[in-house]
Amino acid sequence: MASPATQILIIDEIHPSIFPLLERIGAEADYRPDIKPADVREALAGFDGLILRSKMHITAGNLELAGQLKFVARAGAGVDNIDAQALQERGIALLGANEGNRQAVGEFTLGLLLSLVRNISRSDKQVREKVWLREENRGEEVSGKTVGIIGYGNMGQSFARVLGGFGCRILAYDRFAPDNVCAPVQRASLEDIQAEADIVSLHIPYIPENLSLADVSFFSGFRKPIWFLNTSRGDVVDQAALVEHLKSGKIKGAALDVLENEKLQTLTASQQENFSYLAAAANVILSPHIAGWTHESYIKINEVLVEKIKALVAGF
């Protein structure tokens, strides 16, 4: 007798490639991208799995009626919108798909870096306004620089790979998985990076220990003025400290794909003050959290996620 199909509730918009992939592993999807977050708690009853992106936070309260639930799968990088402890207490597996958009993040971070050090965004805007400034836009080369990568999981490793042909020295620090770092990248402490880096890129998850990691103490600890990149999570940077060090010149320029509050219509007075400075600064590049956002990664994320679901279901 054939095993019953794994029943999966999908509550976010997702690339349609997910459906044939799930079908091949004997899973059935109930696709409800328009479901209201308040209705998810009751909807979960009877499902083996939940797939979501960033529609809502999954908490213990959401899971009260999910007596059959075996896994929650995040179709993207990072699982900070899911209460991992609540899942663990109920024996529910947590799956992520960081591998699906790591190449996209690595390439985008490189693009931000080149745009920053070579004044690409700034000079593009000037030329569109019929301002032709060559000497004022003389930039710097990445070659010969020391790049410090903080966080060396999927995203940090991807950035290191795409930097491979630039002739730069790469230092990497990972508090939780230092053994990830291997030649030609050099394992380093945070203090090593602060002492030697010309360029610093954050690739760390948002967890309580990383809240405002990049604060006044962090930035003031660098021996040299640095170029600063963040394509991880906005909460890991104290935005007021970033602005302060941009003003002082300790940070030569910053490229930010993420902000502390990405709902720009809801900024507090202090957040608005900092944002206004960043938005007006010629040495700052801002983008709307799109580092991992490519047509290819949209599909790769599904492929990674379904393979993990397949492996998990096989062990039921």
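Residues numbered from 1 in each chain as written. Predicted model: local features only at pLDDT ≥ 70, side-chain atom pairs only at ≥ 80, totals over all residues. Heavy atoms only, no water.

The chain is annotated in an unreviewed UniProt entry as NAD(P)-dependent oxidoreductase from Pontibacter toksunensis. UniProt, in its Sequence similarities (unreviewed entry) section for the chain, records the words "Belongs to the D-isomer specific 2-hydroxyacid dehydrogenase family." (UniProt positions renumbered as here; feature names shortened; annotations may be inferred.)

Enquirer: Any chance you could explain the pairing of strand E11 (residues 251-256) here in plain terms?
Expert: On a regular strand, one side chain projects to one face of the sheet and the next to the other, so that they alternate. In terms of residue burial, E11 counts as a mostly covered element, since 5 of its 6 residues are buried. Pairing of strand E10 (residues 226-230) with E11 involves 5 bridges; the strand directions are parallel. Bridge pairing in E11 places Asn230 opposite Leu256. Crossover connection from E10 via helix H9 (residues 239-248) to parallel E11: handedness right-handed. (Buried < 20%, exposed > 50% of the residue type's maximum accessible area, 1.4 Å probe, protein only. Helix = DSSP H or I, 4+ residues; strand = E, 2+ residues; numbered from the N terminus. Pairing = 2+ DSSP bridges. Right-handed = clockwise from strand over helix to strand, strands pointing away.)

Enquirer: Looking at this structure, how should I read the UniProt feature "domain: D-isomer specific 2-hydroxyacid dehydrogenase NAD-binding" (unreviewed entry) in the chain?
Expert: Cross-referencing UniProt, the feature "domain: D-isomer specific 2-hydroxyacid dehydrogenase NAD-binding" (unreviewed entry) maps to residues 110-291 in the present numbering. Across residues 110-291 one finds 33% helix and 16% strand; the C-alpha atoms that close the span lie 10 Å apart.

Enquirer: Would you explain the packing of aromatic side chains in this entry?
Expert: How two aromatic rings sit relative to each other is set out by the distance from centre to centre and by the angle between their planes. The full count for this structure, using the stated rule, is 4 aromatic pairs. Taking 5.1 Å as the distance between ring centres and 75° as the angle between the ring planes, the aromatic pair formed by Phe19 and Tyr31 counts as edge-to-face. Here Phe19, found in helix H1 (residues 18-24), pairs with Tyr31, found in strand E2 (residues 27-31); they are 12 residues apart in sequence, far enough to count as distant. Judged by relative accessible area, which is 28%, Phe19 ranks as partly exposed. By relative accessible area, Tyr31 is classed as partly exposed at 32%. When the ring of Phe218 is compared with that of Phe222, the centres are 5.2 Å apart and the planes differ by 75°; the resulting orientation is edge-to-face. On the basis of relative accessible area, Phe222 is assigned to the buried category, the value being 2%. (Phe/Tyr/Trp six-rings, centres within 6.5 Å; stacked < 30°, edge-to-face > 60°.)

Enquirer: Would you mind showing me how to read the packing of H9 against helix H10 (residues 269-280) here?
Expert: Between two packed helices, what matters for the description is the angle formed by their axes and the separation of those axes. Where H9 contacts H10, the two axes come as close as 10 Å, and the packing angle between them is 40°. Judged by the inter-axis angle, H9 sits oblique to H10. Crossing hand, H9 versus H10: left-handed. Along its contact with H9, which presents Gln239, Ala240, Leu242, Val243, Leu246 and Lys247, the element H10 presents Asn274, Phe275, Tyr277 and Leu278. Split into classes, the residues belonging to the contact of H9 with H10 amount to 7 nonpolar, 2 polar and 1 charged. (Axes fitted to C-alpha atoms, helices over the stretch in contact; angles between N-to-C directions. Parallel < 35°, antiparallel > 145°, perpendicular 65-115°, else oblique. Left-handed = near helix turned anticlockwise from the far one by under 90°. Contact = heavy atoms within 4.5 Å. Nonpolar A, V, L, I, M, F, W, Y, C, P; charged D, E, K, R; others polar.)

Enquirer: Which parts of the structure should I look at to understand the layout of surface pockets?
Expert: To find the voids left in a structure, one rolls a probe of water-molecule size over its atoms. When its volume is computed, the second largest pocket comes out at roughly 350 Å³. Together, 17 residues line the second largest pocket, and Ser121, Arg122, Ala281, Ala282 and Val284 are the ones closest to its centre. Elements with a minimum of two residues in the lining of the second largest pocket: helix H4 (102-117), helix H5 (120-128), H10 and strand E12 (284-286). Broken down by element, the residue count for the lining of the second largest pocket peaks at 4 residues, all from H5. Across the lining of the second largest pocket, the residue classes tally to 11 nonpolar, 4 polar and 2 charged. (1 Å grid on protein atoms, 1.4 Å probe; cavity = no way out; pocket = protein on both sides within 12 Å on 5 of 7 lines; lining within 4 Å. Points joined across faces, edges and corners; volume = space filled by probe spheres on them.)

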